[in-house]
Structure formats: C-alpha cells, structure tokens
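Below are the chains, spelled out letter by letter.
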Amino acid sequence: MTEPIRVAVIVEDEPQIRRFVRAALEAEHWRVFEAATLKHGLTEAGTRKPDLIVLDLGLPDGNGVDFIRDVRGWSNVPIMVLSARSDEIDKVLALDAGADDYLTKPFGVAELMARVRANIRRKHVQGEDNIETSVFSFGDVIVDQAARIVKRNNNEVHLTPIEYRLLCQLISNVGRVLTHRHLLREVWGPSHADSSHYLRVYMSHLRQKLEDDPAQPKHILTETAVGYRLVM
Amino acid sequence: MSIRPLSRPDPDQLLAKIIEDADEQDSRVERHGKLRIYFGSSAGVGKTYAMLQAGKRRANDGVNVLIGIVETHGRSETAALVDGLALLPRKKFGHHGKSIDEFDIDAALVAKPDLILVDEFAHTNATGSRHPKRWQDVDELLNAGMDVFTTLNVQHLESLNDVIGGITGIRVNETVPDKIFDAANEVILVDITAEELLARLKAGKVYLPQQAERAAKNFFRKGNLMALREIALRRTADRVEDDVEAYRDKESINQVWKTDAALLACIGTSGSESVVRSAARLAGEFGGRWHAVYVETPALQRLSMTKREQILGALKLAESLGATTAVLSGEVIASVLIDYARQHNFSRIVLGRHAPSSRLSRLFRGRYLHERIAAMRLDIDLIEVSTKQSPSHPPSTDPASPITTSTKRIHWRAYIVTTLACLATTLLATPLVDKLDLANIVMFFLLVVVFVAVKYGRAPAAFAAVFGVLLFDFFFVPPRFSFAVSDVQYLLTFAVMLAVGLITGQLTASLRYQVRVAASRESRARLLYEFSRDLSGALQVEQVVTTTTTLLEPTFRAQIALLLPDKNDRLTASASLPNSVANNATTSASFPQLDMAIAQWSFDKNEIAGYATDTLPSNPFRYIPLKAPMRVRGVLAVRPDNPSLLLMPEQTRQLETYAVLIAIALERIHYVDVAQGALVNIESEKLRNNLLAAMSHDLRTPLTAMIGLAESLSLTNNQNTNTSAEIGHNLAQEARRMATLVENLLDMARIQSGNIRLKREWLPIEEVIGAAIQSVKAAVATRQVKVELAAHLPLIEIDAVLIERVLANLIENAAKFSSPDSMITISAAVKANQFSVAVIDAGTGIAEKMMSTIFDKFSRGENESIIHGVGLGLAICRAIVEAHGGKISAANNMIQGATFTFLLPLGTPPTIDTSHDEI
C-alpha cells in the first residue's frame, strides 16, 4: 500500500486539544501542522496544501466563518469545525460558509477519526470517474443515478421528483452535514429558503421509503437544528 | 307625479347605531343585566303583584330568581307569591334610635342571581347606605350582570314631578331621573281604570301608610287618578315611540330627517327649577341634547348666598336630568347667551317667564331678556315657560352664611370711609369757597364719588353721590348752612352731580367686575399652566404628589390627597400634607374622614364619588378618579374648607382638568419606568448570556482536552499493559460524565435566568425522536429501543434542540434505571387535543415518596449510591416542556417500570402542498 501521506492543519488555540487531535491523526499516518491563531492558520492552510483543516470556531483573534470563506476562495479542502454545543447558529453559519462537517465539544477521538475518514472518502469518491460514481449504495439501497433508478432489497422504490433530487443531494455530499438552507436552495430553489417544514416532511417520506425504522434511521441522520447527513 | 328622493339613512346616524350596537355587544360580553320596570299610575294598581308573578314564571323556567326587597304590605295574595322564591335578608340600619330595614346590596352582589326583584325603584335609602337612592343600587346590580325587575309610579319620574305635584297637591321627594327610566330595557305598564282602583281602595286592597292616610285620601280622588293614568299612559307611549324610532333607524326605514333639536335652558334668579324641569321635558320630547346655563352678571354677583345655592341646586338638577351645565360670566345676559348658543349650535333657548309688570317699572327696568335676545338674533327660537313655584316648595329658611355677613361688614366699612371722605372734602373745600367757583367745588365731590366707586363699588358710590349733594347744598350753596336753595339753577347742579355719581359708580363697578373676572381667569390659566409645567418636569411619582398638594391645596383651599394603586390595584394613600410624603398610617391620621373604601370604589368603577355625588355623598371628601388614556392611575381626594365649592360646576370641571393632568403625568412616569425597566432587563440579559457563554467555553475546553487525551491514552497504549488502557478509558468516561453535568448545570442556569427563547419550527416528531436516540446511543447501550408512532401524526411546532434534550434526558433516565437487556419504548400520539409523547421503561419504577418531587431540582430515584447523576435532568425536562406550554408527568407502570409522558399543545400546522410534486 503506497498511500500518499495526507496533510492536516489544526487551527486551535488550546494546546491540549491540538495535542490529542495531532496524536489521533498521526496514529493514522497524517502529517500534522498546528496553528494557534486564525492568522497563522491561514498561512499554514495556504502553504501546506492540506488535505484536511480542523478549525476551532471559538478563536480569540477573529471569526472562524471568515476564515472558511477565505479558504473556500481558493481551495476545496475538507474543513472540519469544532464548536461549543449551545450555538447551533454558529454551526449553520460555518457550514453555509463552506465547512464540511462539525464536531461538538467535548468529543472523543473515535468520533473525530470516524468523521475524518468519512470526509476523506467522499473526497476520494468525488475525485473518481463519473461512470463509477453513478451507482451508489448504502445499507440495502442501491441508487443508479445514470438510470435514475432506486432499489431497496432489489425492489424498485418509487420516489417523487423532489424526493429523488433530495436523495441525490445527500448522495453527492455523503458524510457531510447539509444545512436546511442548502438543501432548500438546491432542491426547491432560492425562493423557498424559509419553508423548512417542507424539507422535513419530504425527508420523512424519504426515510419511510428507504429506512427500516424511519424513527431510528441508520443512514439519513438528523443533525438537530442544523440539517441532515447521509452516512453509508 | 313627483319623484320622491331615495330614502337613504343618514350615514352619521347609521355609524352611531353601529357603535351603539358594538357597545351593546361589548357589554354583552361583560353580561350587563337587563332592567324591566313595572310602571303604574299610582299605588295599588298591582305592580308588585305583576312583578312577582313574572318572577315566579321565570323561576319555574329554571332561572335563578332572588327577591331583593318586596313590600307585601300584608296583602295575602302578594305574600302568597313571595312564598317559594328565595328571599334576601334585609340589612338593618340604626337611625335616630329607630331601626330601618333596607335592601342589602352587598349580599345581593354576593348572591349574584340571574334575576333579582327590587320593589319601589324610587325609594330613598337610609343614611349610611352606599347609594342615596335605590335606583343607584339597581344600576350597580345591572352592571354586575344581573337582570332586575322593579316597580315605579309615574309621579316619581323626575320630569313629571312638578306637573303631578301641581295636579294632586302632593309632591314626592323620591324621584328617578328620566334618563334611567328611558334607558330601561323594558317598561311594562300595569294599568287599571280609576273606578277599579277606587273600588280596590274601598275594599282595603290598597296599602296606605298610616301617617299619610288623610293626605292620601285626597290623592285618591277620581279626577286625580284619571289624570295620573293619562300621564302614565302617555309617558309609556312616548317610550314606545322612541323604541319604534330606534327600530326604524336600525332597519333604515325612512324617517323624518331630524334637525338638531338641541335646547339651551337659561337659569334665572327665580323659579329656575321649573325652567329646568320644563326644559328637560321639552328636550325629551324633541329627543335632543340640552344645556343649562347660568349667566353671572355683576348684579347677580351680589345675590345672597341662599339664592346662589338655589341656582346651583337648579344646575345640579339639570345635570341629573341629563343636561350639560355651565356657569358663564359676562356683563349682558343676552349677549353671553347668544354667544354660547352660537358656539354650541343651539337654535332654541328656554327662558322663565317674568311676572307681568306695570308700564312704569318696565320703563325703569328696560327691556326683558327675551326681547333683547329676539332683537339681537332672529334665527333663535325662544321658548318661554311658566316659573310658577310648586305648592309644597318650602321657603328657603337657610341662615345667612358667614360669607354674607362678612361682605356686609365690608359694606359698612365702605360707607364709613365714604362718609369720612365726603366730610374731609367739605373741610378741605371750605377755606377755598371764596377763591373757587361753586362749579369747581362740585368737582371735588365728583372726584370722591369716582374714588369710592373704584374702591367700593356701586352702592357706596351712589351713597357718596347723595351724601355729597347734601353736604354741598348745606355747606356751600347760598344760603350756606341750610338746605334751602336760593338759586333754582343749583337744582340742575344737584341733578347732574347725582347722575354723574351714579353713572360713574355703575361704570367703575362693572369695570371692577370685569377686571376681577379677567384676573381670576388669568390666575386660573396661569395656575393650570404652572401646574402642567411642573408636572411635565416630574420624573418621579413623589414629584407629582408634591406638585399636586403644594399647588392645589392653596388654590382650592382644600385638603388634597393623592391615592395611588399598588401592584394589586389596591389604593394606598401616598401624600397629604405639603412637604411630607406620608405613608398610609399618617394619612388616615391627618385625614380622619378620608374613606379608602369609597376611594377604591371610585378607582374600580372609574366614577366620581363622595361629597355631592351619587355615591356616598355624606363623606366630606370628593373622590375623582385619575383617568389616563390607558387606564385609571389613581384617585384624587379633595376636601375644600368651603364644601359648597364643589357644587359649582366650573370648580368641579377645573378639578377634573387637574385630575386629567395628574393622570397623564402619572401615566407618563409609568411608561418611562417600564421603558427603563426593559432597558435594564436587556442589559442584564446580555450580561448573563455573555457570562454563560464564557463559562460554557471555559469549562468545555479543558474537558474536551481531558476526554481526548484520555482516549488517545487508551487507544495508543494497546501494546502496553492493559491497566493503563483501562485507566485511560475510565478517565475518559468520568470526564464525559463531568461534561454532561456541566451541560446540565449550564442549561439549568440558562433556564433559571427566566427567558428560554424557543426557536419553534414545524416538524415531524419522529425526526426529533430519532435524533434523541442517536445522541444517547452510548447510554442506551444494549437496551432495545422501540418507537411506536400513531398513524398520521400532525407536524408539531417545537424547539427541536430543546425537545431533543427532553427526550434524550428521558431515554437516558430510562436506561439508567433499567437492566441492560430491557426494552425502552417511545410512543407518540394525539390524545384529547394534545400531542402526547411517552417514554416507557421496564426498570425499577419510581418510589412512592419520590412521585411528587421527581421533577424538582436535585431529586433522584432510589439507589443513589449506585447510579450517578445529580437529578437535574428531569427538572430541565419540566422547564423545557412548560416553556412550550405543555405538561410533563410520571407514573409507574402496571407491572414493571415507569412511564414519563409529556403533552404539548397541537396548534394549527401549516399545510403541505405536494400537488406540484407529481410523479
């Protein structure tokens, strides 16, 4: 296995957190660069060509959301945000600005690495050929995007156009948290940004058609007050 | 054939009708009672009987009927009707050693029946009762939402009192204002013929009070009875006509387009009461508004106090008959009246007729008022009414008031000074008699007359003129020292001197009056200006109180107390004596007569009470509610040293103006306080939120590091000894528990700070349930979780984060108290119009003694030593559910375990339109 060495940049002002995140990443053969301030973080992000940025939203020297916008100006690198639990709004802002995922403090090493892997895999999948990605599967569901066919346990499942568009959005961003706003904009169009109850109802239909127990979904997960995430 | 104009109702009238109907509907919401009057021509026609019969019928229909007060006068048929109806016990009043039974209004208000029967509507209550008149009691009952049946004889109607008194020779003092009668919802005429009534009288079926028996015998003459019957019938017919008109207005049936039938009654010096009554009657017939005014001229200013009080009494009567009253001041009555009429758009003036006078006196007096008005304005109708005094009017025997004697004393001093001045002039002029012409000496005397007129007014001036003429004649006109006159031309001098003296006196006196009126108006305006200026500068209630007392006490020469409500709308005395903000105790000490109960009544009802009003007039204080645009802000209690001040309409009106100013100032201060309070709240909330955010960050960061480091320890050390991995694992676990604890404490602090701000959204409940189960996966571990959702659950409007927290806490709790292989069930359904979510476990259940306190802070289930946690979880659940307007409860299951249920209001979910999403 000659996997190329991946590079991560950690932007976090708390040295102990930096330390264990670094340890966790290094255990999986990442090369890690640390930054204690946003300014320094921006330099690191620009010079190290990272495959992942771990960003603490609560940095003393500036707004993490601005940092994300800056980075998104020139890079598609996955950005994982670390945030305090009580402020869903901050998470939504960060995600809408282009962050890929978030972790709520306090979080464990296992959670962190699971998310990291999911995000890297998506990047990997997206990077491959279209033909191969046109068939996507999770659990007992197979989605053939080229043929526009959805099958569950080899039985075709009938989806309405909106349900299908919604599913495609989830698939193309698998592992990533999609905010309500993002989904509404992509599926319904920009004029429907406020009718989030539509999104919730359609998401519920989708679960009823694709999940074993819609009330305990295994793949289409709810990120309360933030959005949805598809996990494989 | 002529084309009739389209009959269209007057839009203004229709609008008035709509507003009236709206008012009616409003009052229906408050359940304003209905008044039915059994109306008869005289005693003995059977009103009480009819009323009781109707009451009984209602009672049989299941209505809650109570007899408030009924006089059966020992008549068996009537008494038989009383049986079987609830009877209110009477209240006893001690009065001059005698005990009087009265209607007990308080008991009636407490009993609050649907319908209450109250006999003798015009009855005058014993002194010490709440209201002087029973109809006022009835008014309160109606306001309290009870229907009332009552009885009334025609002679007790205020406007007919005079007429009937004239016919029968008996005047009654117990009267009911016509407006009350006209406002009754139903009037039922109880009518029998005069013959039948007389027959009943003979048979002893009519009750007559013993003392009045002889007078009453006179009363019950056939002629009288027929006249009374006719009046009663006509009065009822008038009412019916009004009803019909009101109906026609409403149904927009074409009616005569009414011009404004307003009346202006001019109250004169004599027979004013008759003018008022006639005007009231006329106004009633024309169906228009009316004003009663009294014009105070310099001449009328000199009237005795008793006369003035009579006039004020007439004004008060007018007010009670529904008039707007005013006291105007001016030189010429006619022009003042015409000005007033023009300002208020009156086309009719009612005047009292003067007794025919001799030609000579006419010459002397000049033209009568009506002639003057007629000469000045041709477009004003004049209505002259008789001013004949009614027979039983007692001549006023009031002793002269102290003010009259004091003015007399002033007069005596004026005459003495005048005499001295005339004598001094004589002394001064005597040495000059040879050097000056007599014509010039006369000038000295004229000067004295002018001086006296300016200083003391008309009468001393006239006296100075006459006395001066005498002195001049005696001392200066040859032959000197005798009244004889040698030259006839001096008679002319005397005449001119006299005339000049009198005219100058007259002119200066009216000038003085004008000056005084202007000065008093100016001072009134200045005071009002100063008062409003001081009040507008006030920033605290105390300042308003001080301003009020210091400015108003000298102005009205009165004791002033400002009574303000506390938080529970109970009045407390806030101020009294100048320079001291007194508390309750000292106020009642310094104002022993101040009655807080009356003040409270006035505050609650927003009506003036106390001295010379309809409510408890025996109290020396007048209580004026401080009515501001938003609500009543308190009560102004006033007790002038001279109580008759409160009888003067303009003084009362001035007081009311001050009351409005005070009310507005108080309201302004109130809203300033509210705004400041809101600002402080915003600031402190900001501070609290910042503090919580900082704390949450500062606590979370080290915990995150701890968990992370401990976990990396357990992950990286797998090739070393197992113990260190285990230690790392345990460390991480403890740190997580601590994190949960911190989370709970912070949440509780946030909730305790009072305002949880809900971010409500409409969503399917299963989404929140799913997220909650996901978040507590670690705690649930091997336990099986089952979700049972009722079919077709509606969306629910909740704060997803908070409700997820409730569910997570409940599931965690369920897991904590149940064995690792048990099942946890979460169910959601709509029950009794509420959204019900339950978490059911098969654990140890809830101990009986914990049931009541389980949702309190820091309370926990049994086995505290085994299971960790501080028991904040359920308290947080309760706070969140209650913030959603819901309820949370816990119960043990039949067999095993416990069920926690929370109910949320359903609301009206938005509709989801899926039609455009066709397949």
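Residues numbered from 1 in each chain as written. Chains lettered and ligands numbered in written order. Predicted model: local features only at pLDDT ≥ 70, side-chain atom pairs only at ≥ 80, totals over all residues. Heavy atoms only, no water.

S.K.: Describe in detail the overall build of chain A, supporting the description with residues and values.
M.R.: What chain A contains, in helices and strands, is nine helices and 12 strands. Put simply, of all contacts in chain A between residues at least 6 apart along the chain, 57% involve residues at least 24 apart. Approximately 10400 Å² of chain A is accessible, and the part contributed by carbon and sulfur atoms is 49%. (Helix = DSSP H or I, 4+ residues; strand = E, 2+ residues; numbered from the N terminus. Contact = heavy atoms within 4.5 Å. Areas by Shrake-Rupley, 256 points an atom, 1.4 Å probe, with all protein chains shown as cover.)

S.K.: Talk me through the pattern of salt bridges; I want residue IDs and the actual numbers.
M.R.: When the charged atoms of two side chains lie near each other, side chains of opposite charge can form a pair. Applying the stated criterion across every chain, the model contains 41 salt bridges over all chains. The shortest N-O distance in the salt bridge between arginine 117 of chain A and glutamate 28 of chain A comes to 2.7 Å. Separated by 89 residues along the polypeptide, arginine 117 of chain A in helix α5 (residues 109-127) and glutamate 28 of chain A in the loop between α1 (15-27) and β2 (30-35) bring together distant segments of the chain. Judged by relative accessible area, arginine 117 of chain A falls into the partly exposed class, the value being 44%. Classification of glutamate 28 of chain A as partly exposed rests on a relative accessible area of 31%. The partner of arginine 200 of chain A in a salt bridge is glutamate 761 of chain B, and the shortest N-O contact between them spans 2.8 Å. You can see arginine 200 of chain A sitting in helix α9 (residues 196-210) and its partner glutamate 761 of chain B sitting in strand β19 (residues 760-763), one on each of two chains. Accessibility expressed as a relative area gives 1% for arginine 200 of chain A, which makes it buried. (Salt bridge = Lys/Arg side-chain N within 4 Å of Asp/Glu carboxyl O. Buried < 20%, exposed > 50% of the residue type's maximum accessible area, 1.4 Å probe, protein only.)

S.K.: Please provide a residue-by-residue account of the packing of helix α18 (residues 438-456) of chain B against helix α19 (residues 458-475) of chain B, values included.
M.R.: All names here are of chain B. Relative to each other, α18 and α19 sit at 160°, their axes nearing to 8 Å. In terms of orientation, α18 lies roughly antiparallel with respect to α19. Crossing of α18 over α19 shows right-handed handedness. Within the contact between the two elements, α18 uses Leu438, Ile441, Val442, Phe445, Val449, Val452, Ala453 and Tyr456 and α19 uses Arg458, Pro460, Ala461, Ala464, Ala465, Gly468, Leu471 and Phe472. When its residues are assigned to classes, the contact of α18 with α19 shows 14 nonpolar, one polar and one charged. (Axes fitted to C-alpha atoms, helices over the stretch in contact; angles between N-to-C directions. Parallel < 35°, antiparallel > 145°, perpendicular 65-115°, else oblique. Left-handed = near helix turned anticlockwise from the far one by under 90°. Nonpolar A, V, L, I, M, F, W, Y, C, P; charged D, E, K, R; others polar.)

S.K.: Talk me through the packing of aromatic side chains; I want residue IDs and the actual numbers.
M.R.: Following the criterion strictly, the structure yields 15 aromatic pairs over all chains and no others. Judged by centre distance (4.7 Å) and plane angle (45°), the ring pair of phenylalanine 39 of chain B and phenylalanine 181 of chain B falls under tilted. Residue phenylalanine 39 of chain B is found in strand β1 (residues 35-40), and its partner phenylalanine 181 of chain B is found in helix α7 (residues 178-183); the two are separated by 142 residues along the sequence. With a relative accessible area of 0%, phenylalanine 181 of chain B lands in the buried category. Ring plane angle 90° and centroid distance 4.9 Å describe the contact between phenylalanine 531 of chain B and tyrosine 658 of chain B, whose orientation is recorded as edge-to-face. Of this pair, phenylalanine 531 of chain B sits in helix α20 (residues 489-537) while tyrosine 658 of chain B is found in helix α24 (residues 649-716), placing the two residues 127 residues apart along the sequence. Overall, phenylalanine 531 of chain B belongs to the buried group, its relative accessible area being 0%. Grouped by ring-pair contacts, the aromatic residues Tyr415, Phe463 and Phe467 of chain B constitute a single cluster. Against the face of tyrosine 164 of chain A rests arginine 148 of chain A, its NZ or CZ located 4.2 Å from the ring centre. (Phe/Tyr/Trp six-rings, centres within 6.5 Å; stacked < 30°, edge-to-face > 60°. Lys NZ or Arg CZ within 6 Å of the ring centre and 35° of its normal.)

S.K.: Can you tell me about the sheet that holds strand β4 (residues 79-83) of chain A, naming the residues and giving the values?
M.R.: The strands making up a sheet associate through hydrogen bonds between their backbones, and the pairing can be parallel or antiparallel. Residue and element names in this part refer to chain A. Read across the open sheet, the five strands follow the order β2-β1-β3-β4-β5; overall the sheet is parallel. Either end of the sheet is taken by a strand with one partner, and the two such strands are β2 and β5 (101-104). Within this sheet the neighbouring strands show an average axis-to-axis angle of 20°, counted without direction. Bridging between β4 and β5 involves four bridges; their strand directions are parallel. Opposite serine 83, over in β5, you have threonine 104 as the bridge partner. The strands touched by helix α2 (residues 38-47) are β1 (6-11), β2 and β3 (52-56); relative to β2, the strand with the most contacts, the crossing angle is about 145°. Most of the contacts of helix α4 (residues 88-97) go to β5, to which it runs at about 155°, and overall it touches β4 and β5. (Pairing = 2+ DSSP bridges.)

S.K.: Just give me the short version of the interface of chain A and chain B, but keep the residues and values in it.
M.R.: Counting from both sides, the interface comprises 39 residues of chain A and, opposite them, 47 residues of chain B. Summed over both partners, the interface of chain A with chain B buries about 3600 Å², with 60% contributed by carbon and sulfur atoms. There are three salt bridges connecting chain A and chain B. Notably, a salt bridge pairs arginine 200 of chain A with glutamate 767 of chain B, separated by 3.0 Å at the nearest N-O pair. At the boundary of chain A with chain B, the tally comes to 10 residue pairs in polar contact (both at pLDDT 80 or more). At the level of elements, α1, α5, α7 (161-172), α9 and β11 (220-223) of chain A are the ones that each hand at least two residues to the side of chain A that touches chain B. Among the elements that take part in the side of chain A that touches chain B, α9 of chain A stands out by supplying nine residues, more than any other. (Buried area = accessible area lost by both parts, 1.4 Å probe. Polar contact = N/O pair within 3.5 Å; in protein donor to acceptor, adjacent residues only side chain to side chain.)

S.K.: Please set out the confidence of the model for chain B residue by residue, giving values where relevant.
M.R.: All names here are of chain B. When pLDDT is averaged along chain B, the result is 78, and 82% of the positions lie at 70 or above. Ignoring residues within four places in sequence, the model shows residues 1-7, a span with pLDDT below 50, making one contact including any to other chains. Contacts from residues 575-586, a stretch scored under 50 in pLDDT, to residues over four places away or in other chains number 21 contacts. Interface scoring of the predicted complex returns ipTM 0.89; its pTM is 0.48. (pLDDT = per-residue confidence, 0-100.)

S.K.: So what's going on with a positive patch on the surface? Which residues, and what values?
M.R.: Residues and elements named next belong to chain B. A cluster of basic residues, Arg413, Lys455, Arg512 and Arg516, forms a positive patch on the protein surface. Residue position: lysine 455 is located in helix α18. For lysine 455, a relative accessible area of 47% gives the class partly exposed. (Patch = residues over 30% accessible without salt bridge, like charges linked within 9 Å, V, L, I, M, F, W, Y side chains within 5 Å. Lys, Arg positive; Asp, Glu negative; His and termini not counted. Charge placed at Lys NZ, Arg CZ, Asp CG, Glu CD.)

S.K.: Mind laying out α2 of chain A, listing which residues take part and the relevant values?
M.R.: Residue and element names in this part refer to chain A. The set of residues buried in α2 consists of Leu38, Gly41, Glu44 and Ala45. An end-on view of α2 places all buried positions within 115° of arc, on one side of the element. Summarising the geometry of α2, the exposed residues directed more than 90 degrees from the buried face are Lys39 and Thr47. Each element contacted by the buried residues of α2 is listed here: β1, β2, β3 and α3 (64-72). Positioned one or two residues after α2, lysine 49 has a phi angle of 45°, which is positive. (Arc of directions from axis to C-beta.)

S.K.: Before we move on, can you summarise the environment of leucine 903 of chain B with the specific residues and values?
M.R.: All names here are of chain B. Looking at where leucine 903 falls in the secondary structure, it is placed in strand β25 (residues 898-905). A sequence separation of 22 residues divides leucine 903 from valine 881, and the C-alpha atoms of the two residues are 7.9 Å apart. Not counting residues within four places of it along the chain, the set of residues in contact with leucine 903 comprises Gln834, Phe835, Ser836, Val881, Gly886 and Lys887.

S.K.: Explain the environment of alanine 891 of chain B to me, and be specific about the residues and the numbers.
M.R.: All names here are of chain B. In this fold, alanine 891 is placed in strand β24 (residues 887-892). Here alanine 891 falls in the partly exposed class, since its relative accessible area comes to 36%. Spatially, the C-alpha atoms of alanine 891 and methionine 851 are 7.7 Å apart, while their sequence positions differ by 40 residues. Beyond its immediate sequence surroundings of up to four residues, alanine 891 is in contact with Ile846, Met851, Ala898 and Thr899.

S.K.: Give me the lowdown on the sheet that holds β25 of chain B, citing residues and values where you can.
M.R.: Residue and element names in this part refer to chain B. The five strands are arranged β20-β22-β23-β25-β24 in an open sheet whose pairing can be described as mixed. Looking at strand neighbours, the two that pair on one side only are β20 (784-789) and β24, the edges of this open sheet. Strand-to-strand, the axes of this sheet are offset by a mean angle of 15°, without reference to chain direction. Inspection of the sheet shows strand β22 (residues 823-831) paired to strand β23 (residues 834-840) by seven bridges, in the antiparallel sense. When the bridges of β23 are listed, alanine 829 appears paired with serine 836. Packing against the sheet, helix α26 (residues 765-775) makes contact with β20, β22 and β23, and its axis sits at approximately 175° to β20.

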